[in-house]
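# An overview of the molecular structure
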2 protein chains.
Amino acid sequence: MKTPATPAPSRREANRQSRREAILDVAAESFLEHGYAGTTMSAIAATLGGSKGTLWSYFESKDVLFGAVIERVTEAFRAQLSLILNPADGIEAALRRFCAEFLRKVTSAEAIALHRLVVGEANRFPEVGEIFYARAPQRTQRLLADFLETAMERGELRRDDALVAARQLTALVMYGGHQQMLMGLIDTLTPEAIQAEVDRAMATFLRAYAAEASS
Amino acid sequence: MKTPATPAPSRREANRQSRREAILDVAAESFLEHGYAGTTMSAIAATLGGSKGTLWSYFESKDVLFGAVIERVTEAFRAQLSLILNPADGIEAALRRFCAEFLRKVTSAEAIALHRLVVGEANRFPEVGEIFYARAPQRTQRLLADFLETAMERGELRRDDALVAARQLTALVMYGGHQQMLMGLIDTLTPEAIQAEVDRAMATFLRAYAAEASS
DNA sequence: TAAAAACCGTACTCTATAGTACGAAGATAT
DNA sequence: ATATCTTCGTACTATAGAGTACGGTTTTTA
């Protein structure tokens, strides 16, 4: 059997690919930790062990590398956010689990660093905000909205705009500890704090979106 | 009569003071527009018309100048946020006005620029986040919480933790357009959009915190 | 009006960093 | 085995920007 026609993974291509990944790994770490200005191409090359010429043969400039890193990290973040929303649990339990998991991920050191980077560089790199928004907040909201939509149709929640409801629930969950982490007031959320935040958010949300009592 | 003992506003002092203000004005504009890394001391000196030596005689380093700018701009922001919460209007109207005004201010170009700066530099300048948080979100929350507290005591809202309620209301108001502005997806909120955001937030909030129906 | 302080302009030092050049060494394909 | 592509190391260019030095000029004080 010969090699399959479509992907011709010659040795060179493969090497090139994994090399590229390695560069992105190192670059991502540096950008996330030190920001755009605080990251130097020389340092990246040094950490890689390779030479600068090689680095430039993969990415023609720091800007381009930065863009690639953001795209990749955001993608990784999205992938990691495959949150559970199991209707079989019952609506309240499902939402509660979802919120806790969501808050945990969104307040991880990596996620906070990414968020800071996106917001901080939104001026210089407008596309960065768009990429991030489309992949993170927007997807989460849509996922959640679909779930809420179903619940509304079943009469388990009051009928209303599901997307708005989804946004509001994420807002309620994020606006406490997440906000403070973003600004550097605290640098971790204990599991208890997460629980507490979720409880508060859920209480308010459920009260506002409880199914109408009368028929 | 000699010069008064306590304030000796000699000509020199006065000049020095106003000069300092002028520097901070120029520096603030630059930091807000171009960020920390994007701002150069030379450019500030050039815009001022003065010489670099003079600039350094007022602020011993770029870091120090940045700190002073943040302190000042945050203070200005806080002062501008003397929001109206007039209980005589009735609770719903009062809150509605408050939220609209709040959202308008928080989505102004200046406020967004400041917010980005604070979040983006929270790593390098930890004190910046603290200053900002204490003066902006925290104060607003406390102001609002006091109002809600009173309303709760009067039985106009369901009895609950007023500070949490305040945080939740601001969260509901801010998480839509403000979020998108921060990330550069849009760069203004029309008055209509503000109205719509406030309406949605208020509807949810009032449902969740309506006074208990039964006695 | 004379001494003191602040300011100006300009030129300078020093360091950091993006990006380039290039020849030698290594890996890959045919 | 040999031509080709890739990488390595290292040295280099070019630029930018923080901070300093200093002599001459203006402003303030007394």
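Residues numbered from 1 in each chain as written. Chains lettered and ligands numbered in written order. Predicted model: local features only at pLDDT ≥ 70, side-chain atom pairs only at ≥ 80, totals over all residues. Heavy atoms only, no water.

## A short note on the side chain of Glu101 of chain A
In this structure, Glu101 of chain A sits in helix H5 (residues 91-106). Dropping the residues within four chain positions of it, Glu101 of chain A is found in contact with Leu83 and Ile84 of chain A. (Helix = DSSP H or I, 4+ residues; strand = E, 2+ residues; numbered from the N terminus. Contact = heavy atoms within 4.5 Å.)

## Observations regarding the protein's contact with DNA strand D
The local shell around DNA strand D holds 21 residues, among which Arg19 and Tyr58 of chain A together with Arg11, Asn15 and Lys52 of chain B are the closest. For DNA strand D, the fraction of protein-proximal atoms (within 4 Å) that sit in sugar or phosphate groups is 75%. The contact in question runs from a base oxygen of DNA strand D to an N or O atom on the side chain of Arg12 of chain A, over 3.3 Å. Within the contact set of DNA strand D, a phosphate oxygen lies 3.2 Å away from a backbone nitrogen or oxygen of Gly49 of chain A. Those elements giving two or more residues to the surface near DNA strand D turn out to be helix H1 (11-34) and helix H3 (52-58) of chain A together with helix H1 (11-34), helix H2 (41-48) and helix H3 (52-58) of chain B. When the residues that make up the surface near DNA strand D are grouped by side-chain class, the tally is 3 nonpolar, 11 polar and 7 charged. (Near = heavy atom within 4 Å. Polar contact = N/O pair within 3.5 Å; in protein donor to acceptor, adjacent residues only side chain to side chain. Nonpolar A, V, L, I, M, F, W, Y, C, P; charged D, E, K, R; others polar.)

## Some details on the environment of Trp56 of chain B
The residue Trp56 of chain B is located in helix H3 in this model. Taking C-alpha positions, Trp56 of chain B is 9.2 Å from Met41 of chain B, a pair spaced 15 residues apart along the chain.

## Section: the packing of aromatic side chains
Tallied over the full model, the rule gives 16 aromatic pairs over all chains. Taking 6.2 Å as the distance between ring centres and 10 degrees as the angle between the ring planes, the aromatic pair formed by Phe98 of chain A and Phe102 of chain A counts as stacked. Taken together, the residues span about one helical turn, with Phe98 of chain A and Phe102 of chain A both in helix H5 at a distance of 4 residues. Taking relative accessible area as the criterion, Phe102 of chain A reaches 5% and is therefore assigned buried. When the ring of Phe31 of chain B is compared with that of Tyr36 of chain B, the centres are 6.0 Å apart and the planes differ by 10 degrees; the resulting orientation is stacked. Exposure remark for Phe31 of chain B: the relative accessible area of 0% places this residue in the buried category. Site record: aromatic cluster; members linked through ring pairs are Phe31, Tyr36, Phe66 and Phe125 of chain A. (Phe/Tyr/Trp six-rings, centres within 6.5 Å; stacked < 30°, edge-to-face > 60°. Buried < 20%, exposed > 50% of the residue type's maximum accessible area, 1.4 Å probe, protein only.)

## Focus on the relation of the copies chain A and chain B
Once chain A has been moved 0.0 Å along the axis and rotated by 180 degrees, it coincides with chain B to within an RMSD of 0.1 Å. Between the two chains, the operation in question is that of a two-fold axis. Closest to the rotation axis within chain A is the C-alpha of Gly120 of chain A, separated from it by 1.9 Å. (Least-squares fit on C-alpha atoms with pLDDT ≥ 70 in both.)

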